[in-house]
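Descriptive structure summary
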Amino acid sequence: IMAFAERDAALAVDRYGADRARVTVDRPGIDLARFHARGRVAGEGGVRALFAGHHFALKGLARAIGALARHPDVTLTVAGRGPAARYQRLARRLG
């Protein structure tokens, strides 16, 4: 079994009874030599942040929205499948 984080490996063992010795953690990353910002990456007058992933609650979208609400110069773009309306309401409420 391949997991992307220790938390996922623990979940495979605890919830599904996987043998921990057979679970490999391989953290995905970005090849910075291939993918890098050329100059400043900006949204409307500020920085643009990207949240990419499904299972918004598990991945911490509410936490990201809460943290970024304190930084009005940051625009958050969300890519993935999930209950978008709930998180849109949270973002509007927090400003």
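Just so it is clear, the model here is predicted, and its values are computed rather than measured. The numbers attached to residues start from 1 for each chain and follow its sequence in the written order. In keeping with the model being predicted, local features are shown solely for residues with a pLDDT of at least 70 and side-chain atom pairs are shown and tallied solely at 80 or more, while totals for entire chains, interfaces and linings include all residues. Just so you know, side-chain values use all the structure's heavy atoms and leave hydrogens and water out.

Numbering goes from the N terminus for both helices and strands, where a helix is a DSSP run of H or I of at least four residues and a strand is a run of E of at least two. Secondary structure summary: the protein chain contains four helices and four strands in total. The helix and strand sequence of the protein chain, counted from the amino end, reads β-α-β-β-α-α-β-α. Under the scheme applied here, a residue whose accessible area is under 20% of the maximum for its type counts as buried, over 50% as exposed, and between as partly exposed, the area being computed with a 1.4 Å probe on protein chains only. Sorting the 95 residues of the protein chain into buried and exposed places 16% on the buried side. Of the contacts formed within the protein chain by residues at least 6 apart in sequence, a portion of 52% connects residues at least 24 apart. Accessibility throughout is a Shrake-Rupley quantity obtained with a 1.4 Å probe, and a residue counts as covered only by protein chains that appear here. About 7600 Å² of surface is accessible on the protein chain, with carbon and sulfur atoms providing 54% of the total. By the convention used here, residues are in contact when the closest approach between their heavy atoms is within 4.5 Å.

Moving on, we get to the packing of aromatic side chains. Here is the rule: rings of Phe, Tyr and Trp (six-membered ring for Trp) pair when centre to centre is within 6.5 Å. Planes less than 30 degrees apart are stacked, more than 60 are edge-to-face, and the remainder are tilted. Taken as a whole and assessed by the stated rule, the structure comprises two aromatic pairs. Geometrically, the ring pair formed by F51 and F56 is edge-to-face, given 6.0 Å between the ring centres and 75° between the ring planes. For the pair shown, F51 and F56 are each scored as buried. Ring centres 5.6 Å apart and planes at 85° place the aromatic pair F56 and Y87 in the edge-to-face group. Here F56 is found in helix α2 (residues 56-59), whereas its partner Y87 is found in helix α4 (residues 84-94), with 31 residues between them in sequence. A single burial state applies to F56 and to Y87, both of which are buried.

Moving on, we get to the environment of R81. Looking at the secondary structure, you find R81 in the loop between β4 (74-79) and α4. A sequence separation of 25 residues divides R81 from F56, and the C-alpha atoms of the two residues are 7.9 Å apart. Those residues in contact with R81, other than ones at most four positions away along the chain, are G53, H54, H55 and F56.

For the purposes of this section, nonpolar cores are sets of buried Ala, Val, Leu, Ile, Met, Phe, Trp, Tyr and Cys residues that join through side-chain atoms within 4.5 Å. Within the largest apolar cluster, seven residues are counted, these being F51, F56, L61, A64, I65, Y87 and L90. Per-element tally for this core: the top contributor is helix α3 (residues 61-68), with three residues. In this structure F56 touches F51, L61, V78, G80, R81, G82, P83, A84 and Y87, once residues within four positions along its chain are discounted. Grouped together as the second largest cluster of nonpolar side chains are five residues, A3, A9, A12 and V23 included.

A few words now on the pattern of salt bridges. Take a side-chain nitrogen of Lys or Arg and a carboxyl oxygen of Asp or Glu: if they are within 4 Å of each other, that pair is a salt bridge. Here the structure, examined in full by the defined rule, presents three salt bridges. Close ionic contact of E6 with R20 constitutes a salt bridge, the shortest N to O distance being 3.0 Å. Taken together, the residues span a long stretch of sequence, with E6 in helix α1 (residues 6-16) and R20 in the loop between α1 and β2 (24-25) at a distance of 14 residues. Accessibility expressed as a relative area gives 41% for E6, which makes it partly exposed. One salt bridge connects E6 with R27, and the closest N-O pair in it is separated by 3.6 Å.

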